[in-house]
Every structure is written in C-alpha cells, then in structure tokens.
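# Analysis of the macromolecular model
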Amino acid sequence: MGYRKFKADRLFDGYRFREGEVLVTDDGGRVADLVPAGDAGDNIEQYNGILSPGFINCHCHLELSHMKGLIPEGTGLVPFVGQVMAGRSKPEDEILAAIDAAENEMYDNGIVAVGDICNTAYTIDCKKGQRLRYYNFIEVSGFDPALAEMRFETAKELSARFEFAANGQQPMPWSIVPHSPYSVSGPLWEKIIHNAGSKLLSIHNQEDPAENEFFEKKEGAFMGLYEKMKLDIHFFSASGKSSLRTYLTRLPASQPLILVHNVFTSAEDLLYVEQLTASPSIYWCLCPRANRYISTVLPDVPLLMQQGRRIVFGTDSLASNHRLDIVSEISLVREFYPAIADSDLLTWATSNGAAALQLQDEFGSFEKGKKPGVVLVDEHFTGANRLL
Ligand SMILES: [Zn+2]
C-alpha cells in the first residue's frame, strides 16, 4: 500500500469541513497531509459524499450481539432489563459467532474504536484480532450491599483477563465501572471509586423516568423490579433529588466520565453538574436508536448542546438496536433535530468520541501522524463505506 490521495464533495477533518482539500495518507495508512486540490498532483481518488475520519462508538455491549431481535420494541426500560438478564445465556459458539459478526458490521460501517461494556470474557478472542481498538468497561452491579465484595472480586478477575489478553500486542485499556445508579450499592460504589483513581468511568444515566422517580421518591417501576428479585431495599432512602444529582457527589470532581443515554436529564441537572464538576471531564453519550427501541423517547439534544457540553455517540447493543452503525445514529438525530449542523454531529462521532475514550493520539481527526481510518459517508447520511 503506497501513498493515497482522497478527495470527495466534502471533507470533514474531525472538527470542521475543509473546502477543496485532498487528504494524503502514507503507506502505513497514517495521515501525511491535507493539501489544496491544486497542489495534490495526480492519482487522486475522487468520491461522491463526505470524507471523514473513522467513527468512535463510545457505548456498545458486543457480548450481547446474539440477542439481536430477541426483545420486542417499546417495552420500556424495566421490562427490557429483565429480558436481557433472562436471555443473555446461550450456547457459547452462538455467542462467539454473533460477536464476530457484530465486529465485522462495525468495521464495515466505518467504526474504528469502541467503548465496550463487558460482563463476561466472551469478547476477548475477537478483540485480540485488533481489527478495532477497544476501551473495555468491566461492568459491575449489585444493589444488595451484602454482594459488594463478591461482585467486585469477580470484576477484578475479569479485568485481569482483559489486561493479560494483549499478549505482547497493543494493550487493551480497561476500567471497572458501575452499571447504573439503580443497580450499585453504596459499598460497591466505594470499591469502584477507590479502584478507578483517575481512570475513565462510564455509567448508564437517566435512561428512563423510573430512575429519577426511584431516587426522588422511592417509588415507581424499580420498586417492582426489586420485589421480583426478592431484594429487601429497606436500606435505601429517597434523596428527593434526581438520580444524577444523587450519585454524582460520590465521584471526584475531575473524574473522567462518560454518561450514557441522558434521556431524562433536565436543565436543572445540567446546571448542577456544571457547578459540581470540572465539566470538561464529562462526556454525554447519545444512543438514540436504542432509546427509540426501548422506550420511543429521545434525549433533548439541543439542551445537552448548550454551553459547549461535549457530546459523543454510542450504538448500545444489538439487544436494543437493529444495527451497530454510527451513521444511522447521526441520521436519527438529523431527522428529529434538523437545525443541528452536520459538522457538530460529525465532531461528536469522531474527535469528541476519540477524546472521550482517551484515544485521541491515534483516532478522531485527519491530523498528521494519526491513523484514524478514512470513511466515505453518503451525503444524506444513509450509509458509509470504509476506504482505509
Ligand atoms: Zn448500554
């Protein structure tokens, strides 16, 4: 593979559109330069559509890929969580085949790096192939305080398996992360935070109105879920505040954090976050197709955009999405919020995502020396092809 020169109707460099420029990559696929078309010489590959750096999927559960199509749409979150718990076990060969197919799908759709939630070791073999880069979020849950020690030890053992899987190759970064505010007990939070230090964390946040209701009033659908699980939650008392405003005080102000979903995050919550934290450390991850799948509601994206909050995209898993495709997530936001500029949406999908996963040295923009991948996006955001 020698030097290549790419030109299309529009070129997005990870931050903005560049007029009339040609992307030049070297024989290792790294960005060599962006030059005006008049200075680019010959052998230019000319395409219709938008050239973009590869996409970053900040929230996926690759290990749930075998659940594609199993759960009906529109159930709401609490029944959905119950069905994931009931349906996640399957013969190992089926699970592994679905993981490989899902990774292929992401590759073909122009995704180059993934923040992947892991409750099991099933994805390790696939990830060792190094076709995509991963940040592994080893997820831990348990609302019963008596389970904290055992659950955390299990997560630590799993994280060690991911760490040693690198085997002389590029190491795979990982953190042990909380599943959600409603599924992590106080003692488990303490273990997570102590272990994380300044590492990146991720959490499902305010995905359903029942989450806020539970923290504000100790009422709603989660009460029924715990009853079904035969969990006595006498130890839990309502804070009178939204879930985000209840749990965020547990974390250091500078904790790098990806908040996933944010469908029921209010203006008041956002103001609170700004006052409490060094807000550049927080990224707001949108998974609009999963929100539509589970509950048909979308987050208030213009509200999240105010004051330069940093937004990124995730696909969530194939249990709650028909495809693992960032362009498809972008197209849904474009449909519902047509005033949002394409350059904003593409920034969230590329440079913001890379920074959120702390992979910005390699990915997210056409800057010299990086190897971000080259993707051709259809001008109407109906699909993407990977060119490099
Ligand atoms: Zn998720």
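Sequence order sets the numbering: in each chain, residues are counted from 1 along the sequence as written. This being a predicted model, a pLDDT of at least 70 is required before a residue's local features are given, and a value of 80 or more before pairs of side-chain atoms are given or counted; all residues contribute to the totals for chains, interfaces and linings. For side-chain calculations, the full set of non-hydrogen atoms in the structure is used, while hydrogens and water are omitted.

## Notes on the coordination of the zinc ion
For the zinc ion, the full set of protein donor atoms is His-59 (NE2), His-61 (NE2), His-204 (NE2) and Asp-316 (OD), and the range of their distances to it is 2.1 to 2.5 Å. The rule for donors is simple: an N, O or S atom within 2.8 Å of the metal counts, and for Na, K and Ca the reach is 3.2 Å. Water is not among the atoms, so a site may look short of donors. Labels for metal geometry use angle windows, namely 85 to 135 degrees for all angles of a four-donor tetrahedral site, and for square planar (four donors) or octahedral (six donors) sites opposite donors over 155 degrees apart plus all others within 65 to 115; sites meeting none of these are irregular. In this structure, the zinc ion is surrounded by four donor atoms whose angles at the metal cover 84 to 171 degrees, and the resulting shape is irregular. Each residue is placed in one exposure class: buried if its accessible area under a 1.4 Å probe, protein chains only, is under 20% of its type's maximum, exposed if it is over 50%, and partly exposed if it falls in between. The exposure class of His-204 is buried, given its relative accessible area of 6%.

## Quick look at a negative patch on the surface
On the surface, a cluster of negative charge is contributed by Glu-92, Asp-93, Glu-94, Asp-100 and Asp-125. Here a strand is any run of E in DSSP of at least two residues, a helix any run of H or I of at least four, and the numbering for each starts at the N terminus. By residue number, the principal contributor to the negative patch is helix α2 (residues 92–108), which donates four residues. One can find Glu-92 in helix α2. Exposure above 30% relative accessible area and no salt bridge define the residues that can form patches, which grow by joining like charges within 9 Å and nonpolar side chains of Val, Leu, Ile, Met, Phe, Trp and Tyr within 5 Å. Calculation of accessible area relied on Shrake-Rupley with a 1.4 Å probe; when residues are assessed, cover is drawn exclusively from the protein chains displayed. Each salt bridge in this description consists of a side-chain nitrogen of Lys or Arg and a carboxyl oxygen of Asp or Glu lying within 4 Å of one another. For the purpose of counting charges, residues Lys and Arg are taken to be positive, whereas Asp and Glu are taken to be negative. His and the chain ends are not included. Think of each charge as sitting on NZ of Lys, CZ of Arg, CG of Asp or CD of Glu.

## Thoughts on the domain arrangement of the protein
By a widespread convention, an interface's size corresponds to the accessible area lost as its parts come together. Reported domain spans reflect what an automatic or database domain assignment gives. Partitioning the protein into structural domains gives domain 1 (1–53 + 365–388) and domain 2 (55–363). Of note, the centres of domain 1 and domain 2, computed from C-alpha atoms alone, are 31 Å apart. Taken together, the contact between domain 1 and domain 2 spans 24 residues of the former and 22 residues of the latter. Accessible surface is computed with a 1.4 Å probe, and the buried area is the amount of it that two parts give up when combined, taken over both parts together. Summed over both sides, the interface between domain 1 and domain 2 buries roughly 1800 Å², with carbon and sulfur atoms accounting for 58% of that surface. Whether two residues touch is decided by their heavy atoms; if any such pair falls within 4.5 Å, the residues are in contact.

## Considering the pattern of salt bridges
One pass over the full model with this rule turns up 15 salt bridges. With a closest N to O distance of 2.8 Å, Glu-45 and Arg-4 form a salt bridge. A residue pair is termed long-range when its members are at least 10 positions apart, and Glu-45 in strand β5 (residues 44–53) and Arg-4 in strand β1 (residues 4–12) qualify at 41 residues. In this structure, Arg-18 and Glu-21 form a salt bridge, with 3.0 Å as the shortest nitrogen-oxygen distance. Assessed through its relative accessible area of 18%, Glu-21 is described here as buried. Each of Asp-13, Arg-16, Arg-18 and Glu-21 takes part in a single network of salt bridges with overlapping partners.

## Section: the sheet that holds strand β11 (residues 257–261)
By definition, the strands of a sheet pair up through backbone hydrogen bonds, in either a parallel or an antiparallel sense. In spatial order, the strands read β10-β11-β12-β13; together these four strands make up an open sheet with parallel pairing. With one partner strand each, in any of the chains shown, β10 (201–205) and β13 (310–313) form the two edges of the open sheet. For this sheet, the mean angle separating the axes of adjacent strands, direction not counted, is 30 degrees. Two elements, β11 and strand β12 (residues 282–286), share four bridges in a ladder whose sense is parallel. Within β12, the residue paired with Leu-257 across the bridge is Ile-282. Helix axes use the C-alpha atoms of the stretch in contact, all axes being lines fitted to C-alpha atoms, and the angles between their N-to-C directions lie in the range 0 to 180 degrees. Against the sheet, helix α13 (residues 342–356) contacts β11, β12 and β13, and its axis sits at roughly 95 degrees relative to β13. DSSP bridges decide pairing: two strands pair if at least two such bridges lie between them.

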